[in-house]
Structure formats: structure tokens, C-alpha cells
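# Descriptive analysis of the structure
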Amino acid sequence: METWALLRNVWFLLVGVLLAGYSVLDGFDLGVGVLFPFLARDEREKTFLVRSIGPVWDGNEVWLLTGGGALFAAFPHAYATVFSGFYLALMLVLFSLILRAVSLEFRTHDGALKGLWEAAFVIGSLLPALLFGVALGNVVVGVPIDAQMEYAGNFFTLLRPLPLVFGLLGLAAFLLHGSAWAALKTSGALQERARRTARKMTVLTGIFYLLSFVAVWIYLPGALKRIAAWIFAALVWLSLGFLISALKRRKDGRAFAFSSLIFLSLWGNIGAIHYPNLVRATDPALSLTITNSSSSALTLKVMLIIALVGMPLVIGYTIYAYRVFKGKAGLDEAGY
Amino acid sequence: MDPVFLARLQFGLTAGFHFLFPPTTLGLSLVILILESLYIRKKAGIYRDVSSFLIRILGVVFVMGVATGIALEFAFGNNWSAYSRAVGDIFGAPLAAEGVFSFFLESVFIGILVFGRRRVSPKMYWLSAFLVFFASHLSGLWIIIANSWMQTPAGYAMEAGRAMLTDFWQAAFNPSTVVRFVHTILGGWITGSLVAAGIAAWHLLKGRSREKAALVLRVSVIVFAVTAVLQLGSGHAHSVQVARTQPEKMAAFEALWQTQSGAPFTIFGIPDEKNERTHLAVRIPRFLSFLVGFDMNTRVLGLNEFPKDERPPVFLPFAGYHLMILFGLLFIAMAVWGAGLLARKRLGESRAYLKLIILAIPLPYLANELGWIAAEVGRQPWAVYRVLRTADAASKVVPAGNILFSLVLFAAIYTLIAAAGLSIILKLVRRGFDEPAKAAPQGGL
């Protein structure tokens, strides 16, 4: 029983790591996806931006797929409750991700419908960037759940103040991350525009973070008794501060590192106020926790072995691939 | 409308559409790996050029596979949450492992294949081609493990209505995993190699890029011919496994209503489930018994052995199974013809053969889909064979109206991307092998 409890805690952490990895990596290409028609002034600049994410977006999205798979394997009840309960909202995310995935490819090859695929890419990036936060906010603030662990609300239950503020915070952070990436991967006027956008988005992220904090204080007052929540909150503010100063001094690499750190701190924050819940229920006795939702000790152990063997390899060759494509995105083939 | 029926329809549509792409990737990645290996050894630019051309096509196919695969990763939670709760202890792990071991590898290195020819050394590029080949096959293994566990569950114990893992290796390598993996992979090789051969054949018929087209044709027809013959063996082994481990499914495949020793093989017929007989049946006496047990008198279980509420539907499994076999035999005939032409060094000269290859391109796709339909409908009424009924597997909180809504949107979006994807692939094919660098891909893969 001791090992089982330990494994559940490890998997709470690992699912969090996968989702955090997803937001750091796919986060910037979601952000570029929303921003690129606004950042770019002509076709050439659009192409620069699209190329900056071309070779990597797909690997980034795998973090979400793997996070979903890990949630399924480690905490099947949480996976079942959330994905069936938030059905319509998550269908919107799915349709967005599907259209987004093909539209980048189709935009390149399909001259006649280029405008359509560009619009699909923007909207397909915008909706997930907004809805991920809304979904997370619901899971954190609590939703109606019955004694059979089934979701007992409806679509409109999901649209409450705290989840909506979380959604806007997520969107602002994705846009910030995308513009920081664009500043890192482009040059000239486009780069200057990306830096300016990143500064605006840093401010916006700060504002929505403050509002989220207030919302947590109002709706989940108990959550802020945990010291870890305050430590991660301090990290978020420090990162925002360092980010502004890095952007001012045109240190784009450092700026991108801090916008990544913001995501990690936000996830730390969520973990601190949410643990050991996976899906908080309006009636706390019915919440899905790491204890009542988990798989068997054996499955958690097998999964841990899979993760310990697989993930170091993944991190290794992902770093290799980013090094292959490092430097500014260009128009010639050598500049990919 | 019945929400379970709608959920099944949606899963069938989304999985069936997705299943167009991975088999193509399996076969194309093999042909590309062979061409890259030839390039490393012979260092002639022609190998690199034709491989780069196929990689552009693979890039489009791969992205469509990824896009349509996302929906499936979450479909179990969306539409089959009771299933997810009941068997998540076992079924989730292979899906997660597929992500960890395969999806990352495949997507990172296909990025290098499509964008990185001039950024990495030739050896590293070859390794990328190998890793894309390896990862796509490993991905197939994990998904077949998951699906085979639904067919022939093993390595578990029931606890309070939930299947709990007791032995990982038994669950992973359950009685049908290996043979179904081989069968599915070979189906993919047939598919991808015929696509490559068809593209080459089209160029030869048009008299374009003769040397390059002939090279692609030769490599892919060799892969196709060898694979088509091997598939006969794997198909046979798979059928024997089904007869042994899921006898009612084999009875449905063959519309065998009554248990018989010396059971006939039905070549053609129209099964009539209500009256439990097969109209217009053409049969080879005792041949089913021979195939299943290597003995003319083997006793083969008929549908009469099973309670009515545990029998699969007969028509779809029967039709799917038989059409798949028909196409498989046709591929063998094409393989023999192709081998004859190859032996006489006249592969590119027979216009009739080139036209046949092009016309046959849809057939492996049909064979893949029909085989899959036969396997899955033949498992009914179970989601997990003799463990969980499909009717008890669906989400309880998703009303029919919501599923209808998503079903209609899936149909619309998939129609759109099917049309766009096909037109883009045809455009790439028309542009041909000798595409200048300026048309190199920009945004997507």
C-alpha cells in the first residue's frame, strides 16, 4: 500500500510534467499560430514565422497526446469523467487541433485556398489556447460530480468566472510565449514588432495572473493556505519582471527562457492548490483524487518504467532536433 | 437515436478515416528507407532525388495521420468513458507508451527528413529515415497490442467490475498480438509500396523522368511482390488464430451456422441471419476444416454453439473477410506478373501492367478497411471479448444530440481535409521528381 501511494504521487507529478512540457513547447507554436497574420506585414514575413515552427510543432503536440495517454493509464477515472463530461467543449478543442494540424501543411501547397487555411490555422490555434485554461479552471475550482464519478453539470456550467479568467490567463501566456519565440527566430522589423508584442503580452499576463489569484482567493480560499502556492506565485512575478528586463535589453534567448519559466511556475501553482485532487467536485467528498481514481500499483509501476526508459531519450533527441534547426528562420532551403 | 449506435458510428468513421494514413506511412517509410540505404551505398544523386520526392508525399500523409489520430487518443474518454473506467488499468498503458516510444520519435525525425537534408550529415539523414520507419512500426505494435487485448484479453483479473492488470507481458503479447501485428504491417507495406509504384507507373506512362520513375517502380514492385506473397501466410495464420481463440468470429467470417467436421469454405454467398442460411452459396467442401486444422475432418464450431445474444452480426464480417481475401489473391496475381516482367527486365515496358498498378491503388485501402471492419464487427457484441459489452462501454453522460453534433462536424471536416489532402498529393505527383528547390515545403511538414 505504501508503494502504491508513492506511485500515485509520482504520477500526479509526471502527468503535470507532461502537461507543463506541452505548454512550454506547443505553447509557442499556438501563440505564433494566433499572432502570425498580425505580426507579419507581408507574405515574406508570414513565411518566416510559419517556417520558424514548421519542423517542430508536430513533435510539440505529441506532449499533449502523451499527457492524455498518461492520464488515461494512470488515472482512468479522471480521464473518463473529464473527457465525457466536458464533451462539447473538448470537441471544439479537437476540431481546432485537427484543422490546425493540416492547415499549416495545406497552406504551403494549396495556393487557391491559402486564405482559408490561414484562417483555420489562426482559429485552430486560438480556441485551444483559450479553452485549455477554461477546462483547467473548471477542474481546479470544482464541477458537479455524482456518486458514480460522472459529471453532473452541462456546457454552461463550464463558463464560470474563475475558469474564464484562467482561460484568458492561458491565452495571454501563450501569446507571450509565441511572440518571445518569434523574437528569437526572426530579425529586423519583424523581430522588433515581436519584441513589442511580447512586452504588451507580459503586462497582459501579469494582469490576468493577478485576476486569477483574486479568483482563487474568492472561490478557493483554503487553497492559499499552502506555502507552496505563494512560492510559485513569487516565481511567476519574478519571471515576469526578468522577462520585461530581458526584452528591453533585446536578450531574446533569455526572454524565451523566462516565458517558459512562467508556464512551469503556473503549473507549480496549479499543483500546489489542487493536490491531491484531479477533478475537484462541488461536494468535496465526491472529488476525484489521486487515490480514488488511480490505476493499480502494477500498472503505475509498468508505466513508470516506460516513462523512465522513454522520456530521457525523448528529451535527448528533441534537444538534438532543436539544435539542427537553430538560428533564424530563413527563406532559402538551407535556412529551412 | 441510440447514443451507443451514434458513438459506434463516430468511432467507426474517425478510426476508419484515420486508418487510411498509417498503412501508407508504413509502406512509404520502408520504400524511402530502401532508397536512402541505396543512396548511402552507391552515392548516386538519383536515389536521393527520388527519395526526397517520396518524402514530400510522406510529409502530407503523415500530417493527415497525426491530425486524424488526435481524435482517437481522446475518443475513449469522450465517447467510451464506461470502457475507460472498466479497462483503463490495462488499455491506457499501450496508448501512453505509443506516445512515449513512437510518436515523439516519429514526429521529431520526420521533421528532419522533410526539412533537414542540408542540415545534417548523410549518415544522420539515413538514421532519421530509419528512425521514422522504426517508430511508425513501433507505433503500430502498441496500437495492435491495445486492440488485440480487446480481441483476446489476457494478463488481467476482474475486481469489482474492472479489469486489473496482473501480468504486463501476458496482456501485451496476448494470443492474437503477434499475428495481427504482422498481418497489419504487411497490409501497410502492400499499401505504401503500391502507392509508390502507382506514382512511378503514371510517370512512365506519361514518358516523364523515365530513369527516376523506373527506379522507384523497380524498388516498390519488389517490395509489393514479396509482401503480397507473405501476406497469404500471415492471413492464414491469423485466420487459424481467430478460429482457435474467437470461434464465433470465425463462424461469422464463414457464415457457418452449424458446427461441422469437414466444414466447407464458402467462396461466395449472401448470409441470411434471420433464417440462418446462406443464399447462392458456392462452397469448397471440407476446405475450411483443412485450413483451420490442416485436416479435412477438423471440427469447426458454428454459430449454433453460441447464445443468440453473444453472436456477432454475420453479414459485415462475412463480406469484409471475403472481399479482403479476394483482393489479397489479386495482389498475389499482380506480384507474379510483376516478378515475370522483372525477370525479363521489362517491368517498365508493359503498359497494361502500369495501368493495372494505377487502377489497383484503392484496393489495398479497401482491403485494410474491410479487414478491420471484419475484425471489429466480428468481435461484437463485445467491446472486450467476453469481458465488457459494447452497450455497457459507452459514456453515460453524453446525450445522443451531442454525439450527433460532433458526428456531423467530423464528417464535414474530414470530407474537407480528404479533398484538400488528395488534391495536394496529386499536385505533388504532377509536379514530379525533378522539382526545383524553390518549391521546398515552407510551413507544415
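Residues numbered from 1 in each chain as written. Chains lettered and ligands numbered in written order. Predicted model: local features only at pLDDT ≥ 70, side-chain atom pairs only at ≥ 80, totals over all residues.

## A word on the overall build of chain A
The helix and strand tally for chain A stands at 11 helices and 2 strands. Listing each helix as α and each strand as β along chain A from the N terminus yields α-α-α-α-α-α-α-α-α-α-β-β-α. For a compact globule of 336 residues, the expected C-alpha radius of gyration is about 20 Å, and chain A comes in at 20 Å, within 12% of that figure. Summarising its shape, the C-alpha atoms of chain A cover approximately 60 × 35 × 35 Å along the three principal directions. The long-range share in chain A, meaning contacts at least 24 apart out of those at least 6 apart in sequence, stands at 77%. (Helix = DSSP H or I, 4+ residues; strand = E, 2+ residues; numbered from the N terminus. Rg over C-alpha atoms; globule rule 2.2 N^0.38 Å. Contact = placed C-beta atoms within 7 Å.)

## Focus: the overall build of chain B
When helices and strands are tallied, chain B shows 14 helices and 8 strands. Its C-alpha atoms put chain B at 65 × 50 × 40 Å along the principal axes. For chain B, contacts bridging at least 24 residues in sequence account for 76% of all contacts bridging at least 6.

## Remarks on the environment of N9 of chain A
Among the structural elements, N9 of chain A can be located in helix α1 (residues 2–39). Considered as a pair, N9 of chain A and Y275 of chain A are 266 residues apart in the sequence and their alpha carbons are 9.3 Å apart.

## Re the environment of F17 of chain B
All names here are of chain B. Following the sequence through the fold, F17 ends up in helix α1 (residues 3–18). By the C-beta count within 10 Å, which is 21 here, F17 ends up buried. As for F17 and A411, which are separated by 394 residues in sequence, their C-alpha atoms are 9.8 Å apart. The residues contacting F17, other than those within four sequence positions of it, are T68 and Y414. (Buried ≥ 20, exposed ≤ 12 C-beta atoms within 10 Å, placed from the backbone.)

## Describing the nonpolar core
Among the nonpolar cores identified, the biggest contains 267 residues, and I98 of chain A together with A96 of chain B are the most heavily contacted of them. The element that contributes the greatest number of residues to this core is helix α4 (residues 81–115) of chain B, accounting for 22 residues. Ignoring anything within four residues of it in the chain, the contact list for A96 of chain B reads T66, G69, A70, F72, A73, M303 and I306 of chain A. (Core = buried A, V, L, I, M, F, W, Y, C linked by C-beta atoms within 7 Å.)

## A closer look at the interface of chain B and chain A
Between chain B and chain A, the contact holds 61 residues from the first and 63 residues from the second. Where the side of chain B that touches chain A is concerned, the elements lending two or more residues are α3 (45–79), α4, β2 (162–165) and α14 (400–431) of chain B. In terms of residue count, α4 of chain B provides more of the side of chain B that touches chain A than any other element does, 21 residues in total. Grouping the constituent residues of the side of chain B that touches chain A by class yields 35 nonpolar, 18 polar and 8 charged. (Nonpolar A, V, L, I, M, F, W, Y, C, P; charged D, E, K, R; others polar.)

## Concerning unusual backbone geometry
Of the consecutive residues Y275 of chain A and P276 of chain A, the connecting peptide bond is found in the cis state with omega at 0°. Within the secondary structure, P276 of chain A sits in the loop between α10 (252–274) and β1 (277–279). Of the consecutive residues Q380 of chain B and P381 of chain B, the connecting peptide bond is found in the cis state with omega at 5°. With respect to the secondary-structure elements, P381 of chain B resides in the loop between α13 (362–377) and β7 (382–384). One non-glycine residue with positive phi stands out, namely A255 of chain B, at about 45°. Structurally, A255 of chain B can be placed in the loop between α9 (247–253) and β3 (260–261). At E276 of chain B, a residue that is not glycine, the phi angle is positive and equals roughly 50°. By the secondary structure assignment, E276 of chain B is in the loop between β4 (265–272) and β5 (277–284). Classification of E276 of chain B as partly exposed rests on a count of 14 C-beta atoms within 10 Å.

## Topic: helix α9 (residues 227–248) of chain A
Residue and element names in this part refer to chain A. Between its first and last C-alpha atoms α9 spans 32 Å; for 22 residues at 1.5 Å apiece the expected length is 32 Å, and the two agree. Lining the buried residues of α9 we find α8 (188–219) and α10. Immediately beyond the C-terminal end of α9, within one or two residues, lies R250, with a positive phi of roughly 60°. (Expected span 1.5 Å × (residues − 1).)

## Points about α13 of chain B
In this model, α13 of chain B (16 residues) spans 22 Å end to end at C-alpha, consistent with the 22 Å of a helix rising 1.5 Å per residue. Contact partners of the buried residues in α13 of chain B: α2 (21–42), α7 (177–206), α9 and α11 (315–343) of chain B.

## Section: the packing of α2 of chain B against α7 of chain B
All names here are of chain B. One way to put it is that α2 packs onto α7 with a least axis distance of 6 Å and a crossing angle of 70°. Accordingly, the angle class assigned to the pair α2 and α7 is roughly perpendicular. Pair α2 / α7 crosses with right-handed handedness. Every residue of α7 that contacts α2 at P22, P23, T24, L26, G27, L28, L30 and V31 is listed here: I185, G187, G188, W189, I190, T191, G192, S193, V195 and A196. Class assignment of the residues belonging to the contact of α2 with α7 gives a composition of 11 nonpolar, 7 polar and no charged. (Axes fitted to C-alpha atoms, helices over the stretch in contact; angles between N-to-C directions. Parallel < 35°, antiparallel > 145°, perpendicular 65-115°, else oblique. Left-handed = near helix turned anticlockwise from the far one by under 90°.)

## Brief notes about the packing of α1 of chain A against helix α11 (residues 297–324) of chain A
Residues and elements named next belong to chain A. Between α1 and α11, whose axes approach to 10 Å, the crossing angle comes to 45°. When the axes of α1 and α11 are compared, the pair comes out oblique. Crossing angle aside, the handedness with which α1 passes α11 is left-handed. Across the interface between the two elements, T3, W4, L7, R8, V10, W11 and L14 from α1 touch A297, L300, K301, L304 and A307 from α11. Partitioning the contact of α1 with α11 into residue classes produces 9 nonpolar, 1 polar and 2 charged.

## Notes on the pairing of β5 of chain B
Residue and element names in this part refer to chain B. In the sheet, β4 pairs with β5 via 6 bridges, with the strands oriented antiparallel. Note on β5: the bridge partner recorded for T266 is R283. Between the antiparallel neighbours β4 and β5 lie 4 residues, among them E276 with a positive phi of about 50°. (Pairing = 2+ DSSP bridges.)

## Notes on the pairing of strand β1 (residues 156–159) of chain B
Residue and element names in this part refer to chain B. Here β1 pairs with β2 via 4 bridges, running antiparallel. Bridged to E159 within β2 is R162. Two successive antiparallel strands, β1 and β2, enclose a turn made up of 2 residues, where A160 displays a positive phi of approximately 50°.

## Some points on the confidence of the model for chain A
When pLDDT is averaged along chain A, the result is 92, and 98% of the positions lie at 70 or above. Every residue in residues 332–336 of chain A scores below 50 in pLDDT, and together they form 13 contacts with partners more than four places removed in sequence or on other chains. (pLDDT = per-residue confidence, 0-100.)

## Structural notes on the confidence of the model for chain B
All names here are of chain B. A residue-level look at chain B finds 98% of positions with pLDDT of 70 or above and a mean pLDDT of 94. The secondary structure element of chain B with the lowest average pLDDT is helix α10 (residues 287–293), at 91, and the one with the highest is α13, at 98. Contacts for the low-pLDDT stretch residues 436–445, under 50 throughout, to residues beyond four places or in other chains number 32 contacts. Quick note on the complex model: pTM equals 0.93, ipTM equals 0.91.

## Focus on the environment of I413 of chain B
Its location among the elements puts I413 of chain B in helix α14. Excluding its chain neighbours within four sequence positions, the residues that come into contact with I413 of chain B are F95, I98 and L99 of chain A.

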